[in-house]
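A closer look at the structure
For reference, the chains in residue letters:
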Amino acid sequence: MTENLKGIIIRLGLFMTVCALALAATMVVFAQFRFGGSAHLYSAEFSNVSGLREGNMVRVAGVEVGKVTSITVNPDATVRVEFSADQAAVLTEGTRAEIRYDDLIGGRYMALVDAAGSAQVLSPGQTIPLARTQPALDLDSVTGGFRPLFRALQPDQINDLSGQLLHAIQGEGPTIASFLNQAAAVTNTLADRDLLIGEVIDNLNVVLGTLGGQSDQLDKAVTNVSELVHGLAERKTDIANAVAHTNAATGSIADLLAQTRQPIQKVVTETDRVAATILADQEYFDQLLDTLPDKYRMLNRQGMYGDYFGFYFCDVILKLNGKGGQPVFVKAAGQSTGRCAPK
């Protein structure tokens, strides 16, 4: 019985050790612990860091090199962001800090991008100035500026406007930007003539009222036009606001096109590279797509009892380096009955 008890204790010890190692690996993965060298601390000045949080990733060319450590507001209403970066990530006086979208639900991360400038390396603790930082694009302000315009447009007109914006984003930015600048000039002129337009409409209403008594047909036509003009006169404030918002929206769209043209070109280039890679190994990609549903169903069954996975070890085999570098396999535990019985 002593030998049986000793064997049980050894198996239990090995099982607990494996469980502890698995738990440690899980914590390292999901807590995003970083190993392999110390990190340097830097800071950057931004005009706006909407959506950025402490703990968000810092990336160089898509690779995580650090995290945001703190965010503070300066007395001049700018924002100071302190972040860490691995020693392998070399920052220079030409490095730019940009806040970008991390996912479709509003997540952010800070990207460090090489740009034109001095190649002198930044020392730990130095700050990237406001002139070399770029906040994330505020899409809410762009769409909010179009809200009064959308109320007055028909669905077909909204679709046409969306199509023009799509063409602009796909590379026709200069043409649309020129058009929007001209539209902004026209809307500014109309906004400056708001009072004059209102007086003309009121005077036209009086003239049409006088002509209305000439005949029945003319009276009917003039009455309808009078009602239309009267309605426009009552809504002149709304029309002026719509023109002003349209002017603001044109400026926002021009900034949007200027800021997103280069990233979109980069996305198109990288997408072409990914497509070429997939086409070169399409058989493997097709096989992967065919097997993924079965793998996901197996994972779903494993996690059906909660937000964890249960594992049952049938065999525990240790691989050791033997004499001359030859591998030696040592079976630490094994079971051939119950769940582990051959099928």
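Figured I'd write up the structure that's included with this text. (Residues numbered from 1 in each chain as written. Predicted model: local features only at pLDDT ≥ 70, side-chain atom pairs only at ≥ 80, totals over all residues. Heavy atoms only, no water.)

**A look at the environment of valine 328**
Its location among the elements puts valine 328 in strand E10 (residues 327-334). Separated by 10 residues in the primary sequence, valine 328 and leucine 318 have C-alpha atoms spaced 8.1 Å apart. Contacts of valine 328, omitting those with residues within four sequence positions, involve Leu318, Lys319, Leu320 and Gly322. (Helix = DSSP H or I, 4+ residues; strand = E, 2+ residues; numbered from the N terminus. Contact = heavy atoms within 4.5 Å.)

**Concerning the pattern of salt bridges**
With the rule as written, the count across this model stands at 7 salt bridges. When the shortest N-O distance is used, the salt bridge between glutamate 45 and arginine 80 registers 3.1 Å. Separated by 35 residues along the polypeptide, glutamate 45 in strand E1 (residues 39-46) and arginine 80 in strand E4 (residues 79-86) bring together distant segments of the chain. On the basis of relative accessible area, glutamate 45 is assigned to the buried category, the value being 15%. Here arginine 80 falls in the partly exposed class, since its relative accessible area comes to 23%. (Salt bridge = Lys/Arg side-chain N within 4 Å of Asp/Glu carboxyl O. Buried < 20%, exposed > 50% of the residue type's maximum accessible area, 1.4 Å probe, protein only.)

**Looking at the packing of aromatic side chains**
Counted under the stated rule, the structure contains 1 aromatic pair. Cation over ring: arginine 59 sits above tyrosine 109, and NZ or CZ is 4.6 Å from the ring centre. (Phe/Tyr/Trp six-rings, centres within 6.5 Å; stacked < 30°, edge-to-face > 60°. Lys NZ or Arg CZ within 6 Å of the ring centre and 35° of its normal.)

**Quick look at a negative patch on the surface**
Residues Asp281, Glu283, Asp286 and Asp290 make up a contiguous surface patch of negative charge. Looking at the element boundaries, aspartate 286 is found in helix H9 (residues 282-302). Accessibility expressed as a relative area gives 41% for aspartate 286, which makes it partly exposed. (Patch = residues over 30% accessible without salt bridge, like charges linked within 9 Å, V, L, I, M, F, W, Y side chains within 5 Å. Areas by Shrake-Rupley, 256 points an atom, 1.4 Å probe, with all protein chains shown as cover. Lys, Arg positive; Asp, Glu negative; His and termini not counted. Charge placed at Lys NZ, Arg CZ, Asp CG, Glu CD.)

**A short note on a nonpolar patch on the surface**
Together, Val274, Ile278, Tyr284, Phe285, Leu288 and Leu289 make up an exposed nonpolar region whose accessible area comes to about 500 Å². The set of elements that each furnish at least two residues to the nonpolar patch consists of helix H8 (236-280) and H9. At 4 residues, the largest contribution of residues to the nonpolar patch is made by H9. Tracing the backbone shows valine 274 in helix H8. Among the residues examined, valine 274 registers a relative accessible area of 48% and is labelled partly exposed.

**Focus: the sheet that holds strand E7 (residues 127-128)**
Each strand in a sheet pairs with its neighbour through backbone hydrogen bonds, running either in the same direction (parallel) or in the opposite one (antiparallel). What the 8 strands build is an open sheet, ordered E7-E1-E4-E3-E2-E6-E5-E8; its pairing is mixed. A single partner strand is all that each edge strand has here, and the edge strands are E7 and strand E8 (133-134). Alignment of E1 against E4, held across 8 bridges, turns out to be antiparallel. Bridge assignment links leucine 41 to a residue of E4, and that residue is serine 84. (Pairing = 2+ DSSP bridges.)

**Focus on the state of the cysteines**
Evaluation of the coordinates by the stated rule reveals 1 disulfide. One disulfide in the model links cysteine 314 with cysteine 340; its S-S distance is 1.8 Å. Across the S-S bond linking cysteine 314 and cysteine 340, the dihedral sits near -90°, which makes this disulfide left-handed. With cysteine 314 in the loop between H9 and strand E9 (315-321) and cysteine 340 in the segment after E10, this pair connects stretches of sequence that are 26 residues apart. Here cysteine 314 falls in the partly exposed class, since its relative accessible area comes to 25%. Looking at cysteine 340, the relative accessible area reads 13%, which means it is buried. (Disulfide = S-S within 2.5 Å.)

Note that all results are geometric; they support no functional claim without further evidence.
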